[in-house]
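# Commentary on secondary and tertiary structure
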Amino acid sequence: QVQLVESGGGWVQAGGSLSLSCAASGSIFSINDMGWYRQPPGKQRELVAAITSGGYTNYVDSVKGRFTISRDNAKNTVYLQMNSLKPEDTAVYYCNAGVVVTSRSYLSVWGQGTLVTVSS
């Protein structure tokens, strides 16, 4: 099995910072894209940030300049540094990874989710 375990969620005041981590473990040959999604209360899940195996990044417009996605391939871990947090950032955050298990097997794996609450 391949699993993603998230950590780092919590409660912060507006303007504060928070860092999320997501570590993959299990039967992994390599990992392609990794990303962070979030789901605010009562809304659909959206892609927040993504990073390819080569380090190319993409962000939803609402977090550009405030959030930074990075990865440590040796640790099979993706990070999300969140600065200048706003109440609108409140959501359950999920990490995702495209995992190559074998040369002919590819899985999209989700983390368990971690709650980020930003108070005004």
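Residues numbered from 1 in each chain as written. Predicted model: local features only at pLDDT ≥ 70, side-chain atom pairs only at ≥ 80, totals over all residues. Heavy atoms only, no water.

With that settled, the discussion passes to unusual backbone geometry. A positive phi angle is found at Asn 76, which is not glycine, with a value near 50°. Locating Asn 76 in the fold gives a position in the loop between strand E7 (67-72) and strand E8 (77-82). On the basis of relative accessibility, which here comes to 24%, the residue Asn 76 falls in the partly exposed class. For Ser 84, which is not glycine, the phi dihedral falls at a positive 50°. (Helix = DSSP H or I, 4+ residues; strand = E, 2+ residues; numbered from the N terminus. Buried < 20%, exposed > 50% of the residue type's maximum accessible area, 1.4 Å probe, protein only.)

A word on the side chain of Ser 119. Along the chain, Ser 119 turns up in strand E11 (residues 114-119). A polar contact is formed between the side chain of Ser 119 and the side chain of Trp 11, at a distance of 3.3 Å. Contacts of Ser 119, omitting those with residues within four sequence positions, involve Trp 11, Val 12, Gln 13 and Ala 14. (Polar contact = N/O pair within 3.5 Å; in protein donor to acceptor, adjacent residues only side chain to side chain. Contact = heavy atoms within 4.5 Å.)

Take the pairing of strand E1 (residues 2-7) next. Side chains Val 2, Leu 4 and Glu 6 project from E1 onto a buried face, and the interleaved Gln 3, Val 5 and Ser 7 project onto a face without burial. Pairing between E1 and strand E3 (residues 18-26): six bridges, direction antiparallel. Each bridged residue has a counterpart across the sheet, and for Val 5 the counterpart in E3 is Ala 23. (Pairing = 2+ DSSP bridges.)

Taken as a whole, this structure holds one aromatic pair when the rule is applied. Sitting over the ring of Tyr 94, Arg 45 keeps its end group 3.9 Å from the ring centre. Above the ring of Trp 110, the side-chain terminus of Arg 45 is found at 4.6 Å from the ring centroid. (Phe/Tyr/Trp six-rings, centres within 6.5 Å; stacked < 30°, edge-to-face > 60°. Lys NZ or Arg CZ within 6 Å of the ring centre and 35° of its normal.)

Remember, this is a structural readout, not a statement about activity or role.
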